Number of protein chains: 2
Amino acid sequence: MAPDRTLRVALLGCGTVGAEMVRLLHEQSADLTARIGARVELAGIAVRRPGRDRGGLPVDPALFTTDALSLVKRDDVDVVVEVVGGIEPARGWLIEALRAGKSVVTANKALLAEDGAALHAAAAEGGADLYYEAAVAGAIPLLRPLRESLHGDTITRVTGIVNGTTNYILSAMDETGAGFAEALERATELGYAEADPTADIEGFDAAAKAAILASLAFHTRVTAADVYREGITDVSAADVASAAEQGCVIKLLCLAERSGDAVSVRVHPAMIPRSHPLAAVGDAFNAVFVEARAAGELMFYGRGAGGAPTASAVLGDLVAVGRHRLSGVRAAGESAYADLRVRPMGQASTRYHIRLDVADRPGVLATVANVFAAHDVSIGTVRQSGRGADAALVIVTHLAPDAALAATVAQLRELDIVRSVASVLRVEGS
Amino acid sequence: MAPDRTLRVALLGCGTVGAEMVRLLHEQSADLTARIGARVELAGIAVRRPGRDRGGLPVDPALFTTDALSLVKRDDVDVVVEVVGGIEPARGWLIEALRAGKSVVTANKALLAEDGAALHAAAAEGGADLYYEAAVAGAIPLLRPLRESLHGDTITRVTGIVNGTTNYILSAMDETGAGFAEALERATELGYAEADPTADIEGFDAAAKAAILASLAFHTRVTAADVYREGITDVSAADVASAAEQGCVIKLLCLAERSGDAVSVRVHPAMIPRSHPLAAVGDAFNAVFVEARAAGELMFYGRGAGGAPTASAVLGDLVAVGRHRLSGVRAAGESAYADLRVRPMGQASTRYHIRLDVADRPGVLATVANVFAAHDVSIGTVRQSGRGADAALVIVTHLAPDAALAATVAQLRELDIVRSVASVLRVEGS
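Looking at an unreviewed UniProt entry, one finds chain A named Homoserine dehydrogenase, with Pilimelia columellifera subsp. columellifera as its source organism. Heading Cofactor (unreviewed entry) of the UniProt record for chain A holds this comment: "a metal cation". UniProt annotates chain A under Sequence similarities (unreviewed entry) with the comment "Belongs to the homoserine dehydrogenase family."

Structural data, given as structure tokens:
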């Protein structure tokens, strides 16, 4: 304890998370002093609009400024906390701070996923800490375990539910039988989806998080552009019902797998068995399932978003970098020493669940099976149901290259005896 | 990377976990060098019986010694890894190492739960790191998140399934309807229970882990002796069936709660709703559910035991302390600054589920309700079932001091109209 020491923090951004940060810093002031060994003081708060009412935040109004860059450059600032989001101007501020040896705590997943390498390079140059627990899965302590606890082990695969909005929508579709549009509308009413939900429902948000997770899990560099991405807008009530018949649920998964000197990173809806730990992750919760060679299966579960959970993660990082500064050290930098190749989606190894509406006549199964064989895709199970106009085949394949599976489906669509390909979904976790 | 630098490790113990450590150090040698920035070398391996066949471990036989203390004292040892277990002689070795400034990684939950304070004091004295991720919930990265990621937040409650043997037994009872003795026998056959299962089934193992978890979560000192403990030997097939009727499962929970300046730490079987994330934790898996003021609900899930998972956790710690040594720093010591009072079990706030076999005559419910009222215990729900000799009352209370609930049950047993108290279980998680 050294109550005469202070840690001076520049807060960039004062929206939901920033305001919550200000409140937590105020409320937990004594506890933070004890945990860090120094008093935390706000050096300034950079905002876009100075005149906006800050709802009675417990802070001196003189601390607000619209000049973030000058605030970052001030000599009396020890740590920069960024909760603004977006690529620019945040990137410029953080690189400036890190190069000058100021520790940075950020929740900015977009920036990390697009240009984490530049931030890490600036941190190395300035000998500064760069922490970003809040950037993936909100309050769930996840990056630190991946970065530190498991670094004596070899992670083979990470499977996550990292977007609360889509998980809320898919959970609602599973529970109520609603279609996508109806479930989205309900999510918007309840505040789980934004007015423009594109980033969530098209998988962009999950893809950014997948890039950060893959980089950490496999000690390499993966950017958002490397991530194969499909959203959930095409998931139908019939798909959800079809999954339920197989004892499965549909989740928007982010998957990062390592094989040999390559990683495969993808975001898409997939069926998983109800007995899988991820299947029980409901509402807007997040969870990340990690498979490691020695540790086996691990799962981390919690709230992925929201002002207070995100602020909690930021504050945890602030304590860590604060302690490092006071003891005159910094955390071991990230070691992106593996430099793995990113495997294209076509080469990823996946399984498909395919539902075909077919003509009810002899030889249909043989014809369909021949198409699979022609693409070297092995069939796991086939179920025939209905007669006449309702005749259907439900096929679940074994693992095969995604390109071979996609080509198989394309050729099935061309068959006369296939009236329609009613549902195509990847299957994971079994 | 400084491949010319080495980190010299003394390994104390070479049983299941120790042998797995030796194998992992050998197999992952290149990766470890990259992650730590130095080559890891075994300085020696202390064993009890030197002549025992080590099953072709990839290690020079000359490294084995029966003199652990001399090994610990050697000048060329940087880190001591202890996987022997038990209080003595492990305590002496580790205190010697820490005082001499050698970092310690240990999986010894019994020692930490009994005398963690002495180890932490020795670490502070020697300026050395003390890491023990493997001591609780095996491979699950749990202590580091509690110790570091959440230290900007306030944890209010920790609820864990931290003993794999009892979770296996209770899961089997729930799935098959088997009684305790039968499920234990099966667990023993499959190697999930030891020949003498006392430490597991009587809750001693869980109580040690509860003490460590509570100490970390609430920044205070709790020892195993402070923990209220009940095992699962009295859980009957009828209890499990009764829980199932209420939509619940029975789990052996460890609970640590903070209220005001006191903590309550307890281990006992309890009913939890099937919708609770902990209810889905099956087989021998472990999970810890954490509630924090800002972060909300978090859960950590994974394998709690086994050679490889435990070795993974030890290795993760080894990388951390190795990096600290090379950068000439140590982790922030534990700050047990709260010094909270341990509340006796009678003052813990709990809910009871009580099943009474009663006489089938008018006024029974009124008589029973009067007993609850006399102890100021509020009833949540009552269900009457059966007639004549099968007449039963199932009562679930609201929260009340455990002593008041226990006194209520004692008085119910004295009533003429109560033929027997068929089942008493605490209820959590709703």
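Engineer: Sorry if this is basic, but what is going on with the overall build of chain A here?
Structural biologist: When helices and strands are tallied, chain A shows 14 helices and 18 strands. In summary, chain A has a C-alpha radius of gyration of 24 Å against a globular reference of 22 Å for 430 residues, a match within 12%. Along the first, second and third principal axes, the C-alpha set of chain A runs to 85 × 45 × 35 Å. Every one of the 430 residues in chain A was classed for burial, and the buried ones make up 59%. The contacts of chain A with a sequence gap of at least 6 include a subset with a gap of at least 24, amounting to 73%. Here chain A has roughly 16,300 Å² of accessible surface; of this, 48% comes from carbon and sulfur atoms. Taken as two groups, the 41 positive and 52 negative side-chain charges of chain A have centres that lie 2 Å from each other.

Engineer: So what exactly am I meant to see when it comes to the sheet that holds strand β5 (residues 103-106) of chain B here?
Structural biologist: All names here are of chain B. In spatial order, the strands read β3-β2-β1-β4-β5-β6; together these six strands make up an open sheet with parallel pairing. Among the strands making up the open sheet, the edge pair consists of β3 (64-65) and β6 (130-131). One ladder, built from seven bridges, connects strand β1 (residues 6-12) with strand β2 (residues 39-46); its direction is parallel. Within β2, the residue paired with R8 across the bridge is E41.

Engineer: Explain the environment of B:N108 here, please?
Structural biologist: Residues and elements named next belong to chain B. Within the secondary structure, N108 is located in the loop between β5 and α5 (109-126). Judged by relative accessible area, N108 falls into the buried class, the value being 3%. Separated by 28 residues in the primary sequence, N108 and V136 have C-alpha atoms spaced 9.1 Å apart. Not counting residues up to four positions away in its chain, the partners in contact with N108 are E82, G85, G86, A90 and A135.

Engineer: What am I meant to see in the packing of aromatic side chains here?
Structural biologist: Two descriptors summarise a pair of aromatic rings, namely the distance from one centre to the other and the angle between the planes of the rings. Residue and element names in this part refer to chain B. With the rule as written, the count across this model stands at five aromatic pairs over all chains. Here Y168 and Y192 contribute two aromatic rings whose centre-to-centre distance is 4.2 Å and whose plane-to-plane angle is 25 degrees, an arrangement assigned as stacked. Of this pair, Y168 sits in helix α7 (residues 164-176) while Y192 sits in the loop between α8 (180-189) and α9 (198-201), placing them 24 residues apart in sequence. Residue Y168 is classed as buried on the basis of its relative accessible area, which comes to 12%. Consider the rings of F285 and Y301, whose centres lie 4.9 Å apart with planes at 10 degrees: the pair is stacked. Here Y301 lies in strand β12 (residues 296-303) and F285 lies in strand β11 (residues 285-292), a separation of 16 residues in the sequence.

Engineer: Mind showing me how you'd approach the relation of the copies chain A and chain B here?
Structural biologist: Taken together, a rotation about one axis and a shift along it account for how the two chain copies relate. When chain A is fitted to chain B, the residual RMSD is 0.1 Å, and the transformation amounts to a turn of 180 degrees plus an axial shift of 0.1 Å. The transformation just described matches what one would write down for a two-fold rotation axis. Ranked by how close their C-alpha atoms come to the rotation axis, the residues of chain A are headed by A:F300, at 2.4 Å.

Engineer: Can you walk me through the environment of B:G282 in this structure?
Structural biologist: Residues and elements named next belong to chain B. Assignment of secondary structure puts G282 in the loop between β10 (262-273) and β11. Residue classification places G282 among the partly exposed positions, given a relative accessible area of 24%. What G282 contacts, discounting residues up to four positions off in sequence, is N167 and S171.

Engineer: Just checking my understanding: could you explain the domain arrangement of chain A for this structure?
Structural biologist: According to the domain assignment, chain A consists of domain 1 (6-139 + 307-326), domain 2 (143-302) and domain 3 (346-427). Averaged C-alpha coordinates put domain 1 of chain A and domain 3 of chain A at centres separated by 52 Å.

Engineer: Explain the nonpolar core to me, please; I cannot follow it from the model alone.
Structural biologist: Buried together is how nonpolar side chains tend to be arranged in soluble globular proteins. Counting residues in each nonpolar core, the largest one holds 169 residues, and the members touching the most others are A:L213 and B:L213. Of all the elements, helix α10 (residues 204-218) of chain B adds the most residues to this core, at 11 residues. Excluding residues that lie within four positions of it along the chain, B:L213 makes contacts with B:V136, B:L142, B:L143, B:L146, B:V158, B:V162, B:C254 and B:V288.

Engineer: Please explain unusual backbone geometry as it appears in this structure.
Structural biologist: Excluding glycine, residues mostly have negative phi values, and the peptide bonds linking residues are mostly trans. Residue and element names in this part refer to chain A. Cis geometry marks the peptide bond from E88 to P89, where omega comes out at 5 degrees. Relative to the helices and strands, P89 resides in the loop between β4 (79-82) and α4 (90-99). The phi dihedral of H219 is positive, around 55 degrees, even though this residue is not glycine. Of note in the backbone geometry, D376 takes a positive phi value of approximately 65 degrees without being a glycine.

Engineer: Please explain the interface of chain A and chain B as it appears in this structure.
Structural biologist: Many authors give the size of an interface as the accessible area that is lost as the parts come together. Listed per partner, the contact involves 45 residues of chain A and 45 residues of chain B. Our count for the contact surface shared by chain A and chain B stands at four residue pairs in polar contact (both at pLDDT 80 or more). Looking at the side of chain A that touches chain B, the elements that each hand over two or more residues are α2 (29-36), α6 (143-149), β11 (285-292), β12 (296-303) and α12 (307-326) of chain A. Looking at side-chain class alone, the side of chain A that touches chain B contains 25 nonpolar, 11 polar and nine charged residues. With five bridges connecting them, β12(A) and β12(B) associate as antiparallel partners. Counterpart to A:G302 in the pairing with β12(B) is B:L298.

Conventions we followed
Residues numbered from 1 in each chain as written. Chains lettered and ligands numbered in written order. Predicted model: local features only at pLDDT ≥ 70, side-chain atom pairs only at ≥ 80, totals over all residues. Heavy atoms only, no water. UniProt positions renumbered as here; feature names shortened; annotations may be inferred. Helix = DSSP H or I, 4+ residues; strand = E, 2+ residues; numbered from the N terminus. Rg over C-alpha atoms; globule rule 2.2 N^0.38 Å. Buried < 20%, exposed > 50% of the residue type's maximum accessible area, 1.4 Å probe, protein only. Contact = heavy atoms within 4.5 Å. Areas by Shrake-Rupley, 256 points an atom, 1.4 Å probe, with all protein chains shown as cover. Lys, Arg positive; Asp, Glu negative; His and termini not counted. Charge placed at Lys NZ, Arg CZ, Asp CG, Glu CD. Pairing = 2+ DSSP bridges. Phe/Tyr/Trp six-rings, centres within 6.5 Å; stacked < 30°, edge-to-face > 60°. Least-squares fit on C-alpha atoms with pLDDT ≥ 70 in both. Domains from an automatic or database assignment. Core = buried A, V, L, I, M, F, W, Y, C linked by side-chain atoms within 4.5 Å. Polar contact = N/O pair within 3.5 Å; in protein donor to acceptor, adjacent residues only side chain to side chain. Nonpolar A, V, L, I, M, F, W, Y, C, P; charged D, E, K, R; others polar.

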